[in-house]
Amino acid sequence: MSWAGHSGRKAETLERAFVGRSLWADARARLFRNRAAVASMIVLAIITLMAIFAPLFSHYAYDAVDYDLVTCAPSWWPGDAACFAGGTHWFGTDAVGRDLFVRVLYGARVSLAVGVVATLVSLVIGVLYGATAGYLGGRVDALMMRAVDILYSLPFIFFVIILMVMFDRNFILLFVAIGAVVWLTMARIVRGQTLSAKQKEYIEAARAAGVSPFGIIVRHIIPNVVGPVVVYVTLTVPDVILTESFLSFLGLGIQEPLTSWGVLISDGANTMESAPWLLVFPALFMAVTLFCFNFIGDGLRDALDPKDY
Amino acid sequence: MALLEIRDLDVRFSTRDGEVHAVKGVSLDIHEGTCLGVVGESGSGKSQLFLAAMGLLAANGKVSGSVRYRGKELLGLPAQELNQFRGSKVTMIFQDPLTSLTPHMTVGAQIVEALTSHRKMPREEARARAREMLDYVRIPEAARRMKQYPHELSGGMRQRVMIAMATIAGPDLVIADEPTTALDVTVQAQILEILRALKIEKRTALALISHDMGVIAGNADQVMVMRHGEVVERGTVESVFHAPEQDYTKMLLASMPRLSDPVHLATRPGEMLLEVKDVRVTFPVKGDGFFAKTRALRAVDGVSFTLRAGETLGVVGESGCGKSTLARAVMQLIPPSAGHPKGEVLWLGRDLTRARQNDIRAARKDFQIVFQDPLASLDPRMPIGVSIAEPLKTLEPGRARTEVRDRVRKMMAHVGLDPQWINRYPHELSGGQNQRVGIARAMIVRPKMVICDEAVSALDVSIQAQIVALIKSLQAETGLALIFISHDLAVVRQLSHRVMVLYLGRVVETADAAALYADPRHPYTRALLSAVPTPDPDVERGKTRTLLTGDLPSPLDSRAQLTFLKSRRIDDPDAMQYRPKLIEVAQGHFVAEHD
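Residues numbered from 1 in each chain as written. Chains lettered and ligands numbered in written order. Predicted model: local features only at pLDDT ≥ 70, side-chain atom pairs only at ≥ 80, totals over all residues.

**Q** Is there a simple way to think about the overall build of chain A in this case?
**A** The number of helices and strands found in chain A is 12 helices and 0 strands. When the helices and strands of chain A are read in sequence order from the N terminus, they spell out α-α-α-α-α-α-α-α-α-α-α-α. Within chain A, the fraction of its 309 residues that count as buried is 40%. In chain A, the proportion of contacts linking residues at least 24 apart, taken out of those at least 6 apart, comes to 69%. (Helix = DSSP H or I, 4+ residues; strand = E, 2+ residues; numbered from the N terminus. Buried ≥ 20, exposed ≤ 12 C-beta atoms within 10 Å, placed from the backbone. Contact = placed C-beta atoms within 7 Å.)

Written out as structure tokens, the structure reads:
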């Protein structure tokens, strides 16, 4: 480490020296200096807004069937003149003549909601549960982790079917089912990280300073296990979106005419040769979204590590 | 011709913060069978110099100059050719033997690998050689140790294993980079004995890199003092130590704590603060095998002492003697699931061991602790200002943010930190500065007692002297009581009113500091005192060391505590043994029974 590198920051340090900053404030500042992360946040915000205000973007309804325009290529695509008569379909139409653009946006609602909500739920439960088990250790840890093992051993599909049978088919159940499974891995990862973090001397220093166990978990353990957690979260979002499409494929998730990216992609894959746009557009949206999550995740991890600054 | 000739060696690192010129055109010769001592504080480039010479530089480093081994140029050799020298003709020993040993390989396998990677040899023979080598570096029960993993060995044992690995192929030159820095004085003395024996018996040349002038004084023939990548001074050990020419060398020699230094204690003991009565801490240790019974490791085994306001109690002992565990037992920091503390810890007459968690937490305002490793004891993700404020926020809740901030900034100025660094992170500060942060964190709640657990051991000598001075001045100002734990007897002497010597969880000797240093009665205390290296080559060479020899006892073995009272020992590792009593030999001078 060299002092030379800090001279550029001198002015800023002097100016802000009298205000105590926290890790989170610093992290936010660093995150907003990360161009890839900021660009990703903007793109993600645009996609989210488009999904929320989907009906404003197109005068087609997501379930409006038009048998005159079956499997039309995007309207800007040269050729297929027969399709233009019915108006502009930017992304083309599907096998029953529904506008793909509006369906992709409606699909974004489901996929983003499932991806973000299920991941957030798993993040909150998994991190708290894992950090608590790891920090308390001993018998509490053993009991808490055996509970996780038992839940792990339940076959996922069986679990979902039971939920469906007990509570009727329901959109909310999708979140519950996926969230209930994803947090288990998170808890395990966090517990493992916590076990090594709690051996550190600064944890003992915090105990000597009279910080309560909960305070230690929140102030010292969680910020220090955040690196692997963030990486796992960015992997979880796509995983959850794909799980949703798998459930939908089995008839346990989203049902027609509602749709999701996962469903659109798996439908599109079947007609890849005859109508590639049915695969390309939803896949493009999904890929861009996942890239965004990855960049934001990387940015978050770096931002939360002051050493990387 | 010299064995190793280094000419104008230059090392530069390109980092994100620009280029770092680590070694600036250093030349040196090492002759066969001699020892070159390289002294310098951290950041002086002494390690990089030899890493560069051995082609072990990090990827962002650039070397220029010349390194000749028996006339053959080593710089720029392809890795494959270089490997013929490295590990067989020229070997290295590093400071931290735990990180330089592979954790998932047994010690035996690693030594065998070091041997067979350079010479084809039947497995059995290699194994026998490895066992011999472990005997040579005085590892007890070598056959059993071969099957153990690095983490199962103590630091001293691991360093011996490293030496065994480095010397098994019969090298001409061993480069020892701070080989004893992480070790206790008595272990350090043993390791240095082994290195000395290597030099004499096997005519192995030695490059001994150390920050410790005492270590260099007793072992080196030639000495080179480095600072900021340059050679400040060089010469024979006598000339450098007795007639240093450069101010930097003089400063280094002056900041080495010596047993012979005059002591000025600033405070006088006042009212009784802490009474510790017969504290015991045992940790359950699981044996090998599935059905093995758990045995009790007695980390602290019946220690009693008192501490008055303004008094400093020095606690001395080797690692594993329970001094840190004792500190944690006093601080009520041992989690009930890990150990089973017994006995009484009376703080101002109130027994903390029976107090409820909330009461203990409230009482923490009065006693704080400063840890050994300044970097590890600070949360890497917290600005130092937040770390310093933490005890204040939890122990005196309800203060306004501005008040907390003012207290933090005042405290920072008080311990010699620039208050503008309040938002810096620990990794942006040096070790000495981080330790000041640790002291500020302990002092901010104005405690009545601070435990310094090896608080200066990880620091450079010049920084160490500053921190000791800081602790002293804080004590003079506030009438603080201190428990100063250290393996360094010279530092303990600078600060302590009373000194307590621990051996395997028990007190072997306790007395007023002056009496203990002038008239040590217990053989263990004597061994410790004689193991302290003095930065004077004549003293070091003329010294007859009371080395502790024989098996290094395992604390699990009940016989171990009776190492100095063999006549009362029952030869059964599980037997209930006689407990040596403390006998008052002079007023306030207690010594455990010994042969």
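**Q** In this structure, what is going on with helix α4 (residues 107-116) of chain B? I would like to understand it.
**A** Three or four residues apart is the spacing at which side chains of an α-helix point the same way, because the helix has 3.6 residues per turn. All names here are of chain B. Taken across its 10 residues, α4 has 7 buried, putting it largely inside the fold. If you check which residues of α4 are buried, you get Val107, Gly108, Gln110, Ile111, Val112, Ala114 and Leu115. Elements that come into contact with the buried residues of α4 comprise α5 (123-136), α6 (142-145) and α7 (155-167).

**Q** Honestly, the domain arrangement of chain B in this entry has me stumped. Any pointers?
**A** One frequent convention defines the size of an interface as the accessible area lost when the parts assemble. Residues and elements named next belong to chain B. When cut into domains, chain B gives domain 1 (33-44 + 80-254) and domain 2 (272-287 + 295-366 + 449-459 + 480-592). Counting only elements with at least two residues in the side of domain 1 that touches domain 2, the list comes to α8 (185-201), α9 (213-219) and α10 (237-242). Examining the composition of the side of domain 1 that touches domain 2, we find that 7 residues originate from one element, α8, more than from any other. Across the side of domain 1 that touches domain 2, the residue classes tally to 10 nonpolar, 7 polar and 4 charged. (Domains from an automatic or database assignment. Nonpolar A, V, L, I, M, F, W, Y, C, P; charged D, E, K, R; others polar.)

**Q** Please clarify how the packing of helix α2 (residues 23-33) of chain A against helix α12 (residues 277-303) of chain A should be interpreted in this entry.
**A** For any two helices packed against each other, the geometry is given by the interaxial angle and the distance between the axes. All names here are of chain A. Between α2 and α12, the shortest axis-to-axis distance is 8 Å and the interhelical angle comes to 135°. As the angle between them shows, α2 and α12 are arranged oblique. As for how α2 packs across α12, the hand of that crossing is right-handed. When α2 is examined against α12, the residues Ala27, Arg30 and Leu31 are found in contact with a partner set consisting of Gly299, Leu300 and Ala303. (Axes fitted to C-alpha atoms, helices over the stretch in contact; angles between N-to-C directions. Parallel < 35°, antiparallel > 145°, perpendicular 65-115°, else oblique. Left-handed = near helix turned anticlockwise from the far one by under 90°.)

**Q** Sorry if this is basic, but what is going on with the interface of chain B and chain A here?
**A** The interface is formed by 35 residues belonging to chain B together with 32 residues belonging to chain A. Mapped onto the side of chain B that touches chain A, the elements with two or more residues apiece are β2 (18-30), β16 (367-370) and α14 (384-395) of chain B. Ranked by residue count, the leading element in the side of chain B that touches chain A is α14(B), at 6 residues. Here the side of chain B that touches chain A is built from residues that sort into 15 nonpolar, 10 polar and 10 charged.

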